[in-house]
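Architecture and fold: a report
Okay, here's what each chain looks like letter by letter:
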Amino acid sequence: MIFLAVMALLIGKTSASIASICDSYVTNKYLKKIWTIVFYTGCISLFVGVPVLLFFGVPEFLLSFKTYVLLFIISLLTIIFAPMYFLALKTTDTSVISAIQLLGKVFTPILAFFMIGEKLSLMKYIGFGIIILINFILNIEKVSGKIKINKGFWLMLSVSFILVIQSILTKKALMYTDWVSVSFWKTTFTTLLLFGSLAFKTLRNDIVKSFSIYKTKFKTFFSIELFACVNEYFTIFALSVLPVVVVSSFEALRPMITMIIGIILRYLFKIDTKEIYNKREVLRRVVFYLLLVFGVIITVLG
């Protein structure tokens, strides 16, 4: 089961990388208003995700009120962090965004200990420390004697903190029901919240105005939904097997995967993925991303 969970995470993070690249492409080329982007990249997740879930089982419909509330809060957190994530995508390339996100994982062991009493070995914390240190070096640079932090840094740090809380709450929800049910209800509540935003005229006007773009580029938006659902569901499955910190640490693979996929799309399909392609910078990032993978190995095996 542990092997299946690890494989699910690898597939999930690859899917997440592809989804992030597509998110960046849409954010910087087609849609301008942030909430419109959030709406159109998530509005059909229920219809895309449920068929995927049915391959693994049927969700439970009779859950306790406490579980429904917990799942609703998990879904609400998605609605809260999504705008910050898309704003960050407008500031830098997607592999760096993925790396910045890891800095917030320092909250994981602390919150996991206080919220669900999860304890880990010293080696896992050492591995986790390596991941944090490398990301700190990657994303903070000296420019003209001053420390320069990317504009998206604080946004993604906030996103990461919210994702950590969401992961821990998801782990808690898995104590009351199975991963298929958690995935189904999270997707359902998130979709309902997105469509509920149509009640606000200022949000609705731009969503309606941008529908022609969504219709024309439906395949792109559908792909985003599909890859995002695969990552989300496989991650929830992994959470049902592995500790929160171990699952969170697999995010360290995303920067490398994202950079590689971005380069492939750029040179083979001429798709501008907003990645930096300077050979020296690519080599620098490869070294640091490999160190991140080393940190993940220590975290998993420690």
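Higher on the page you've got the structure.
A few words on the overall build of the protein chain. Looking only at helices and strands, the protein chain features 15 helices and two strands. Looking at the protein chain as a whole, 54% of its 302 residues qualify as buried. For the protein chain, the proportion of contacts with a sequence separation of at least 24, taken over those separated by at least 6, is 88%. Taken as a whole, the protein chain presents about 14,300 Å² of accessible surface, with 73% of it coming from carbon and sulfur.

Turning to the nonpolar core, a few remarks are in order. Core analysis: the largest hydrophobic core is formed by 68 residues, its most contacted members being Tyr40, Leu71 and Trp179. The element contributing the most residues to this core is helix H4 (residues 65-89), with 12 residues. The residues touching Tyr40, leaving out its near neighbours within four places in the chain, are Leu31, Ile207, Val208, Ser210, Phe211, Tyr214, Phe221 and Glu225. Counting nine residues, the second-largest nonpolar core is a separate cluster that includes Ile131, Ala252, Val282 and Tyr289.

We now examine the packing of helix H1 (residues 2-29) against H4. Contact geometry for H1 and H4: axes closest at 9 Å, N-to-C directions at 75 degrees. Comparing the axis directions of H1 and H4 gives the class roughly perpendicular. In this structure, H1 uses Ser20, Asp23, Ser24, Thr27 and Asn28 to contact H4, whose residues at the interface are Tyr85, Phe86 and Leu89. When the residues that make up the contact of H1 with H4 are grouped by side-chain class, the tally is three nonpolar, four polar and one charged.

Bringing a nonpolar patch on the surface into the picture now. Taken together, the side chains of Phe65, Val69, Phe72, Ile73, Leu76 and Ile80 make up a nonpolar region of the molecular surface, amounting to roughly 520 Å² of accessible area. Within the secondary structure, Phe65 sits in helix H4. Exposure remark for Phe65: the relative accessible area of 68% places this residue in the exposed category.

Counted under the stated rule, the structure contains one cavity of 30 Å³ or more. The space that makes up the largest cavity amounts to roughly 920 Å³. Forming the boundary of the largest cavity are 42 residues, of which Thr78, Phe81, Leu163, Asn231 and Glu232 lie nearest the centre. The element best represented in the lining of the largest cavity is helix H12 (residues 218-239), accounting for 11 residues.

Across its 25 residues, H4 extends 37 Å between first and last C-alpha, which sits within 8% of the 36 Å expected from 1.5 Å per residue. Largest kink in H4: about 30 degrees, centred on Phe81, with the proline Pro83 one to four residues after it.

On to the pattern of salt bridges. For the structure on display, the rule yields one salt bridge. Across the salt bridge formed by Lys186 and Glu232, the nearest N and O atoms sit 3.2 Å from each other. Of the two residues, Lys186 is situated in helix H9 (residues 179-196) and Glu232 in helix H12; the sequence distance between them amounts to 46 residues.

This next bit is on the packing of H1 against H12. Direction vectors running N to C along H1 and H12 enclose 150 degrees, while the axes themselves pass 7 Å from each other. The angle between H1 and H12 falls in the class roughly antiparallel. The handedness of the crossing between H1 and H12 is left-handed.

Before going further, it helps to examine the environment of Leu155. For Leu155, the location among the structural elements is in helix H8 (residues 152-173). Remark: the alpha-carbon pair of Leu155 and Phe86, spanning 69 residues in sequence, is separated by 9.5 Å. With residues near it in sequence (within four places) discarded, Leu155 still touches Met84, Leu87 and Ala88.

This model, assessed by the stated rule, comprises 18 aromatic pairs. Seen from their ring centres, Phe39 and Phe195 are 5.3 Å apart, and the 75 degrees between their planes marks the pair as edge-to-face. Highlighted residues: Phe39 in helix H2 (residues 34-40) and Phe195 in helix H9, separated in sequence by 156 residues. For Phe39, a relative accessible area of 5% puts it in the buried group. Put simply, the rings of Phe39, Tyr40, Phe195, Phe211, Tyr214, Phe218, Phe221 and Phe222 pair up and form one aromatic cluster.

On to the side chain of Thr191, then. Within the fold, Thr191 resides in helix H9. If sequence neighbours within four positions are ignored, Thr191 has contacts with Gly42, Cys43, Ser45 and Leu46.

Quick look at the side chain of Ser183 now. Within the secondary structure, Ser183 is located in helix H9. At a separation of 2.8 Å, a polar atom in the side chain of Ser183 contacts the main-chain carbonyl oxygen of Trp179. The contacts of Ser183, once residues within four sequence positions are left out, are Leu53, Tyr233 and Ile236.

Cut-offs used in this document
Residues numbered from 1 in each chain as written. Predicted model: local features only at pLDDT ≥ 70, side-chain atom pairs only at ≥ 80, totals over all residues. Heavy atoms only, no water. Helix = DSSP H or I, 4+ residues; strand = E, 2+ residues; numbered from the N terminus. Buried < 20%, exposed > 50% of the residue type's maximum accessible area, 1.4 Å probe, protein only. Contact = heavy atoms within 4.5 Å. Areas by Shrake-Rupley, 256 points an atom, 1.4 Å probe, with all protein chains shown as cover. Core = buried A, V, L, I, M, F, W, Y, C linked by side-chain atoms within 4.5 Å. Axes fitted to C-alpha atoms, helices over the stretch in contact; angles between N-to-C directions. Parallel < 35°, antiparallel > 145°, perpendicular 65-115°, else oblique. Nonpolar A, V, L, I, M, F, W, Y, C, P; charged D, E, K, R; others polar. Patch = residues over 30% accessible without salt bridge, like charges linked within 9 Å, V, L, I, M, F, W, Y side chains within 5 Å. Salt bridge = Lys/Arg side-chain N within 4 Å of Asp/Glu carboxyl O. 1 Å grid on protein atoms, 1.4 Å probe; cavity = no way out; pocket = protein on both sides within 12 Å on 5 of 7 lines; lining within 4 Å. Points joined across faces, edges and corners; volume = space filled by probe spheres on them. Expected span 1.5 Å × (residues − 1). Bend = angle between axes of the 7 residues up to and from the residue. Left-handed = near helix turned anticlockwise from the far one by under 90°. Phe/Tyr/Trp six-rings, centres within 6.5 Å; stacked < 30°, edge-to-face > 60°. Polar contact = N/O pair within 3.5 Å; in protein donor to acceptor, adjacent residues only side chain to side chain.

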